[in-house]
Amino acid sequence: MSKEAAENILELAWIVPLICLVSAGVLTTLGRKLKEPWGGVVGVGAVGVAFLVTVVVFAALLSLPADQRVFEHVLFEWIPAGGFRIEAGFLVDPLSILWMLLVTGVGFVIHVYSLGYIAGDERYTTFFGQMNLFVASMLILVLGNNFLVLFVGWELVGACSYLLIGFWFKKIENSSAGNKAFFANRVGDFGFLVGLMLIFATVGSLDFDTVFGAAYASLGGGAGVPIALGTATAICLLLLVGVTGKSAQVPLYVWLADAMAGPTPVSALIHAATMVTAGVYLISRAHPLFALSEVSRAIVTFVGIGTAFYAATIALGQYRVKRVLAYSTISQLGYMIAAVGIGGAGYAAGVFHVISHGFFKALLFLGAGSLMHAMHGEEDMRRLGGLRKVMPWTAGLFLVGGLSISGIIPFSGFWSKDAILGALYESPESWGKIAWGIGLAAAFLTALYMFRTYFLTFTGDRSWGDEAHPHESPWVMVIPMLVLAVGTTLWGLADLPGSQWLHGFLEPTFGVFGGEAERWTGEVVLLLTAGLLVGVLGVATAYAVWSRATRERRISFGERIPAGAGMFWRKAYDVDAALEYGVRRPGWELTGVLATVDEDAIDRTVMGIGGGAKRAGRQLARLQNGSVRVYASVFLGGVVLIAAYVIVRGGAGL
Amino acid sequence: MEFLQTPPDPDAYIVLAVFLFSIGAVGFLVRRNAIVMFMCIELMLNAVNLSLVSFGRALSDLSGQILVFFVLVVAAAEVMVGLAILVAIFRRRARASADDMSSLKG
């Protein structure tokens, strides 16, 4: 492909989100008018075409020499307002193209799966419309060439998650889960927005080019407005607030577990392809800013790795399969955030893990969905068990996903998680090794909770009632899982130590910040072995404890736990209750006070002024009674008064 | 312009103007017939004209007299419009009492 041809193709990258956007518009407008299979066909087709176009764009980008693989194109002037000018444009570079491939690729597989999962739902067509909008929003987010376009995608993603989590809104739990997601995201988005304002106030622009140019300038290279250290730290921490909301990190992670209320493909889409990886993308994209402030990178790293460990401990206590997966996503996202927080080789490792996680988490979610499809929505592990015999495909594919997330060789989870742990360990930052230790402990917990879930669900005694008739899911649901399983098996090849294709591919984006490529050294082998051992240990422990769980044992699980601390742990450390007492109720009280102030003080004052003017007007209106002679008298009186005044003042001015 | 050299005493004219104006003003206020009210307005206008002319003479200033022309022209136009309105009202009501003409009030 010639350079010109490649650039012509790259110029059309904006078509990818547009396809999904148009399809979303058509599907949501037509709604019920489009009968069942066709709405799905359009929805799936749109994402499929978007994926194909993305692949073409990817090929075009690959055909360019490595140092020219950053392609920016301005589409139109969006907000021209004096000195404040925002252009809407897109940026195709290795980082954004990988995200586009993930979003459209995994998104497409999940869409296909939805054909089977959502079949027969009364809002079938709308569902696909909203799913398409979700994909389109995420594409806008990763394609934008400035922070404001990114922010539009960021907000759209939040809105879509609200719509889809509350898709079955007739049940109050579902719509309140949607609200919860929305609120937690609003808190984060507020931080993000303030961060953007601070960037604009400091640099005077929101274009990636200008802002990062300024960051480079502050590091001592190139021209631009230097950013002070304190400002850079503040910006990074405000961006981090946004990241904790969108990527479900401590302390704003609470919404993700409840997001399970949505249909399972939605969960898969949120967890694997869209939305939650946005935070990782943001930090990767804004890496020059984070490079300025070591403090903020340390905070990001520890928020990430702390979340990884914390969420893993919660996942271990859950009984519902999808809840385990939700906390596992929070935990895995923690790894990614920690990786991009520490920087260096961590950037490539984080991106590596994002895609790796996209494969195996989508696989696990689709597996859980397949399970619920078979068991009529039952997902409590205490009432499952022994399902391997009735649904061998689902069980086998779930096992692949489980092995991958647990970091067992040769699945991609092993390579990507160990890339992160390696980046933490080998980082020049002094705190890297502490983070590595926490990450290793979290890796053990990951293997443990994942295989606890697997064994309790698929092996041992069957603990479901006779009324359930589990069956293998239709092929339209199994084949997508198969594709994802192949993906998670092979994706590790993309960034093996020694070759590190991904690391090299991302170099145009991260440049000097990307760190050295990893080689096969004794230390690397040791680190990989440590990671693998921890995973194997976790699986083995899970096998010993849960693989032969009988029906009676399953039921007694809940009772064996000591009431106080145990329940506290099972209920995810009762954060919801803490939020209820610490945030919602004080907030409610405050709202009450404010409402009283508003009604009694502000409203009354305003209404009083208005009413006074009205009454005064009514009195004055009486003067205008239509009698010419009264008018004339008043007029005459006025003239006499003025004349008297002039005479008394001695005719001054006349 | 001989008369300008010996300005006469304007007192008598001004007194006359004051009387004329007072008659006009009082008449305007106490009478109800719109035509009479018009005549009263004319009285007031002419009283003012008279005082303008007198002062112009007394102060040897022609602008007082020029102003009178304007007043005459405007008064003529005003009377024409006013009488046209009166005729229109007469046709509808057959009365010319100003007190009845209050239907356009706010």
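Calculation notes
Residues numbered from 1 in each chain as written. Chains lettered and ligands numbered in written order. Predicted model: local features only at pLDDT ≥ 70, side-chain atom pairs only at ≥ 80, totals over all residues. Heavy atoms only, no water. Helix = DSSP H or I, 4+ residues; strand = E, 2+ residues; numbered from the N terminus. Buried < 20%, exposed > 50% of the residue type's maximum accessible area, 1.4 Å probe, protein only. Contact = heavy atoms within 4.5 Å. Areas by Shrake-Rupley, 256 points an atom, 1.4 Å probe, with all protein chains shown as cover. Lys, Arg positive; Asp, Glu negative; His and termini not counted. Charge placed at Lys NZ, Arg CZ, Asp CG, Glu CD. Buried area = accessible area lost by both parts, 1.4 Å probe. Polar contact = N/O pair within 3.5 Å; in protein donor to acceptor, adjacent residues only side chain to side chain. Patch = residues over 30% accessible without salt bridge, like charges linked within 9 Å, V, L, I, M, F, W, Y side chains within 5 Å. Salt bridge = Lys/Arg side-chain N within 4 Å of Asp/Glu carboxyl O. Phe/Tyr/Trp six-rings, centres within 6.5 Å; stacked < 30°, edge-to-face > 60°. Lys NZ or Arg CZ within 6 Å of the ring centre and 35° of its normal. Core = buried A, V, L, I, M, F, W, Y, C linked by side-chain atoms within 4.5 Å. pLDDT = per-residue confidence, 0-100. Pairing = 2+ DSSP bridges.

J.: Is there a simple way to explain the overall build of chain B in this structure?
T.: What chain B contains, in helices and strands, is 4 helices and 0 strands. N-terminal to C-terminal, the α/β element order of chain B is α-α-α-α. Scored against the burial criterion, the 106 residues of chain B give a buried share of 25%. For chain B, restricting intrachain contacts to residue pairs at least 6 apart in sequence, the fraction spanning at least 24 positions comes to 62%.

J.: What is the right way to look at the overall build of chain A in this model?
T.: On a plain count of helices and strands, chain A comes out with 27 helices and 2 strands. Expressed as lengths along the three principal axes of its C-alpha atoms, the size of chain A is roughly 115 × 65 × 50 Å. Out of the 654 residues in chain A, the part that is buried amounts to 55%. Within chain A, contacts between residues separated by at least 24 positions form 80% of all contacts whose residues are at least 6 apart in sequence. Surface exposure of chain A reaches about 26300 Å², of which carbon and sulfur atoms provide 69%. One finds the centroid of the 43 positive side-chain charges in chain A at a distance of 10 Å from the centroid of its 43 negative side-chain charges.

J.: I'm lost on the interface of chain A and chain B in this one. Help?
T.: Accessible area lost upon the coming together of the parts serves often as the stated size of an interface. Between chain A and chain B, the contact holds 9 residues from the first and 13 residues from the second. Both sides together, the interface formed by chain A and chain B hides about 900 Å², and carbon and sulfur atoms give 60% of it. Among the residues of chain A in contact with chain B, Val628, Arg629 and Leu636 of chain A are the three that bury the most area, contributing 56% of the side total. Viewed at the interface, chain B and chain A are joined by 2 residue pairs in polar contact (both at pLDDT 80 or more).

J.: Hey, could you run me through the side chain of Thr301 of chain A in this one?
T.: Tracing the backbone shows Thr301 of chain A in helix H14 (residues 294-317). For Thr301 of chain A, the residues in contact, after removing those within four places along its chain, are Ala338, Gly341, Ile342, Leu424, Trp431 and Ala435 of chain A.

J.: Help me understand the side chain of Arg285 of chain A, please; the structure alone is not making it clear to me.
T.: All names here are of chain A. Secondary-structure assignment places Arg285 in helix H12 (residues 278-285). On the accessibility criterion, Arg285 (4% relative accessible area) is buried. For Arg285, the contacting residues outside a window of four places in its chain are Leu91, Asp93, Leu95, Ser96, Phe208, Phe212 and Thr509.

J.: Which parts of the structure should I look at to understand a negative patch on the surface?
T.: Residues Asp598, Glu599, Asp600 and Asp603 of chain A make up a contiguous surface patch of negative charge. Structurally, Glu599 of chain A can be placed in helix H26 (residues 575-621).

J.: Please clarify how the environment of Tyr454 of chain A should be interpreted in this entry.
T.: Looking at the secondary structure, you find Tyr454 of chain A in helix H19 (residues 432-458). The contacts of Tyr454 of chain A, once residues within four sequence positions are left out, are Arg388, Ala395, Phe398, Leu399 and Thr459 of chain A.

J.: How should unusual backbone geometry be read in this particular structure?
T.: Excluding glycine, a negative phi dihedral is what most residues carry, and trans is how most peptide bonds are arranged. That bond from Val250 of chain A to Pro251 of chain A is cis: its omega, 10°, falls within 30 degrees of zero. Notably, Ala248 of chain A is not glycine yet its phi reads approximately 55°, a positive angle. Mapped onto the elements, Ala248 of chain A comes out in the loop between helix H9 (229-246) and helix H10 (254-258). Phi is positive for Ser60 of chain B, which is not a glycine, with a value near 55°. Along the chain, Ser60 of chain B falls in the loop between helix H3 (34-58) and helix H4 (63-93).

J.: Even after reading the chapter, I still don't get the packing of aromatic side chains, so can you show me in this structure?
T.: To describe a pair of aromatic rings, you give the distance between the ring centres and the angle between the ring planes. Residue and element names in this part refer to chain A. All told, the structure shown has 30 aromatic pairs over all chains when counted by the stated rule. The interplanar angle of 20° and the centroid separation of 6.0 Å between the aromatic rings of Tyr113 and Tyr117 together place this pair among those described as stacked. Of the two residues, Tyr113 and Tyr117 both sit in helix H4 (residues 94-117), 4 residues apart, roughly one turn of that helix. We note that Tyr113, like Tyr117, is buried. The ring of Tyr319 has Arg382 lying over it, and the distance from NZ or CZ to the ring centre is 3.9 Å. Above the plane of the ring of Trp546 lies Arg452, whose end atom (NZ or CZ) is 5.6 Å from the centre.

J.: Mind showing me how you'd approach the nonpolar core here?
T.: Soluble, globular proteins show a tendency: their nonpolar side chains are buried together. Grouped together as the largest cluster of nonpolar side chains are 201 residues, with contacts concentrated most on Val92, Trp99, Phe147, Trp255 and Leu289 of chain A. Take this core: its biggest share by element is 17 residues, from helix H16 (residues 345-374) of chain A. Sequence-distant contacts of Trp255 of chain A, that is, excluding residues within four places in its chain, are made with Ile165, Lys180, Ala181, Ala184, Asn185, Gly245, Lys246, Ala248, Ile270, Met275 and Val276 of chain A. Among the nonpolar cores identified, the runner-up in size contains 8 residues, and Phe28, Met37, Cys40 and Met44 of chain B belong to it.

J.: Hey, could you run me through the pattern of salt bridges in this one?
T.: For side chains bearing opposite charge, pairing can occur when the charged atoms are close. All names here are of chain A. One pass over the structure, following the stated rule, counts 16 salt bridges over all chains. Residue Lys180 pairs with Asp258 through a salt bridge whose shortest N-O separation is 2.5 Å. With a gap of 78 residues between them, Lys180 in helix H7 (residues 172-203) and Asp258 in helix H10 connect regions that are remote in the sequence. Both residues of the pair, Lys180 and Asp258, count as buried.

J.: How do you make sense of the confidence of the model for chain B when you look at a structure like this?
T.: Note that predicted coordinates carrying low pLDDT should not be read in detail. All names here are of chain B. Mean pLDDT over chain B stands at 84; residues scoring 70 or higher make up 85%. Mean pLDDT values over the elements of chain B span from 56, in helix H1 (residues 2-5), up to 91, in helix H2 (residues 11-30). Taken over the whole predicted complex, pTM reads 0.80, whereas the ipTM for its chain interfaces reads 0.79.

J.: I keep staring at the pairing of strand S2 (residues 84-92) of chain A and nothing clicks. Help me out?
T.: Each regular strand displays side chains that alternate between the two surfaces of the sheet. Residue and element names in this part refer to chain A. Here strand S1 (residues 71-81) pairs with S2 via 9 bridges, running antiparallel. Along S2, the bridge assignment pairs Glu72 with Leu91. Turn length for the S1-S2 hairpin, with the two strands adjacent in sequence and antiparallel, is 2 residues, and the turn residue Gly82 shows positive phi of about 60°.

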